[in-house]
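Each chain, letter by letter, is given below.
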Amino acid sequence: MQRMQPERPDRLLVVSSIHSAAKILRDQLPMDVKPSYIICNISSTGRPAELVKQIRSLDALADVPMFGYVQQLTPELRQQIRSAGGIDNVVTADTSVDEFISIRDQAIRLRSLATRPAQTTGDIKPRKAPSAYVNHYVKRGIDILAAGTGLLILSPLLLLIAALIKLESKGPVFYISRRAGQRYRIFNFYKFRTMVNDADQQVKNMAHLNQYDTGDKGPVFFKISNDPRVTRLGSFLRNSSLDEIPQLLNVLLGHMSLVGNRPLPLYEAASLTTDSYCGRFMAPAGLTGLWQVKKRGKKDMSVEERINLDIEYAQKHTVLFDMWILASTPNALLQKDNV
């Protein structure tokens, strides 16, 4: 990192291995010594998923911002970090102290928003009108009934898809990642795996194909049209949206709703904590939503357009509006493009 005088000094503790860090953290946590943030040198290990697993295995560190350090952020490393989940952001050798302070404060804000009670979440205030509470409980009742019934009825199909995934390629049946939902609440997000098991290692030459490429400026989304890493079964599951079925469990657990804004990976959510973007997180996380029925599968959707549709839904979502989106969803399920 470039040497600059920080606006306030941080007390740093440096250790040489994952296991040393875990031991120190376990010893200090009972004494109420909790780190403000953690930086892991990914360049030296190349295994961000293992780093995250070791650190996050301590419950007391679940809400501590965690950063990855790399000498140079290649497309391959970027995708590995995204897939690992739980890493709030990345710093490199070119990151100045002032830039890191901004990144750090942004991540701390995201984590604080994810852990505060709804009634004290800064700019994101719950609606107080009685109709809002009626809307919430009716919506939740529909979610529980529909998700529970859906999982029961679709259980034979779930078992069949799981078996086909295992037969087609090596790797886990489910893709599980950490996502930020309503008011930035963080949870485990479930989907059927649709890519080859070494998909992360194939990203290094694909950055220029990103549908949402913003040249490292603005919010970060990553999606490729006709992604070659997707398996033949995975392509069918994506285009028919059958890969989304496991999210009914998220709905049943209360992490998500049938209708809402898509929950985002932490890396993406961290770039949307500013006043102009955070309004999208006022709405519940959902299986389907406004941008899916209006723009899903189309190449011409910009980042700003997607976020604006999310904000529009957050501002006016009601049970009746949800019913309209659900009625429009079947037509959107069959995508016009492989993205």
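Before any of the text, the structure's been laid out above.
Residues numbered from 1 in each chain as written. Predicted model: local features only at pLDDT ≥ 70, side-chain atom pairs only at ≥ 80, totals over all residues. Heavy atoms only, no water.

**Some points on helix α10 (residues 303-316)**
For an α-helix the count is 3.6 residues per turn, leaving residues at separations of three or four pointing the same way. Taking 1.5 Å per residue, 14 residues should reach 20 Å; α10 reaches 21 Å between its end C-alpha atoms and fits that length. Considered for burial, the residues of α10 that qualify are Val303, Arg306, Ile307, Leu309, Asp310, Ile311, Tyr313 and Ala314. (Helix = DSSP H or I, 4+ residues; strand = E, 2+ residues; numbered from the N terminus. Expected span 1.5 Å × (residues − 1). Buried < 20%, exposed > 50% of the residue type's maximum accessible area, 1.4 Å probe, protein only.)

**A short note on the sheet that holds strand β4 (residues 174-180)**
By way of backbone hydrogen bonds, the strands of a sheet pair with one another, either parallel or antiparallel. Spatially, three strands are ordered β5-β4-β7 in an open sheet, and the strand pairing comes out antiparallel. Both outer strands of the open sheet, β5 (186-192) and β7 (264-265), are each paired with one neighbouring strand and no more. Pairing of β4 with β7, which is carried by two bridges, proceeds in the antiparallel orientation. Bridged to alanine 180 within β7 is leucine 264. (Pairing = 2+ DSSP bridges.)

**Description of the side chain of serine 177**
Tracing the backbone through its elements, the reader meets serine 177 in strand β4. Of the polar contacts made by the side chain of serine 177, one reaches the side chain of arginine 179; its length is 3.0 Å. Residues in contact with serine 177, not counting those within four places in the same chain, are Phe187, Asn188 and Phe189. (Polar contact = N/O pair within 3.5 Å; in protein donor to acceptor, adjacent residues only side chain to side chain. Contact = heavy atoms within 4.5 Å.)

**Side note on a nonpolar patch on the surface**
A surface patch of nonpolar side chains, about 290 Å² in accessible area, is lined by Val134, Val138, Ile142 and Met323. Per element, the largest residue contribution to the nonpolar patch is three residues, and it comes from helix α5 (residues 130-168). Looking at the element boundaries, methionine 323 is found in helix α11 (residues 319-333). (Patch = residues over 30% accessible without salt bridge, like charges linked within 9 Å, V, L, I, M, F, W, Y side chains within 5 Å. Areas by Shrake-Rupley, 256 points an atom, 1.4 Å probe, with all protein chains shown as cover. Salt bridge = Lys/Arg side-chain N within 4 Å of Asp/Glu carboxyl O.)

**Section: the pairing of β4**
Pairing of β4 with β5, which is carried by seven bridges, proceeds in the antiparallel orientation. Counterpart to isoleucine 176 in the pairing with β5 is tyrosine 190. Hairpin connection between β4 and β5: a loop of five residues separates the two successive antiparallel strands, and arginine 183 in this loop has a positive phi of roughly 50°.

**Considerations on the packing of aromatic side chains**
Summed over all chains, the structure comprises seven aromatic pairs. Consider the rings of tyrosine 37 and phenylalanine 100, whose centres lie 5.4 Å apart with planes at 65°: the pair is edge-to-face. Here the residue tyrosine 37 occupies a position in the loop between α1 (18-28) and β1 (38-41), and phenylalanine 100 occupies one in helix α4 (residues 97-115), the gap between them amounting to 63 residues. Comparing tyrosine 37 with phenylalanine 100, the two get one shared label, buried. Measuring from centroid to centroid gives 5.3 Å for phenylalanine 174 and phenylalanine 192, while their planes differ by 15°, and the two rings are stacked. With phenylalanine 174 in strand β4 and phenylalanine 192 in strand β5, the pair connects residues that are 18 residues apart, well separated along the chain. For phenylalanine 174, a relative accessible area of 39% corresponds to the partly exposed category. What links up through ring pairs into an aromatic cluster is the set Tyr37, Phe67 and Phe100. Just above the ring of phenylalanine 189 sits the side chain of arginine 179; from NZ or CZ to the centre is 4.1 Å. Directly above the ring of phenylalanine 281 sits arginine 280, whose terminal nitrogen or CZ lies 4.7 Å from the centroid. (Phe/Tyr/Trp six-rings, centres within 6.5 Å; stacked < 30°, edge-to-face > 60°. Lys NZ or Arg CZ within 6 Å of the ring centre and 35° of its normal.)

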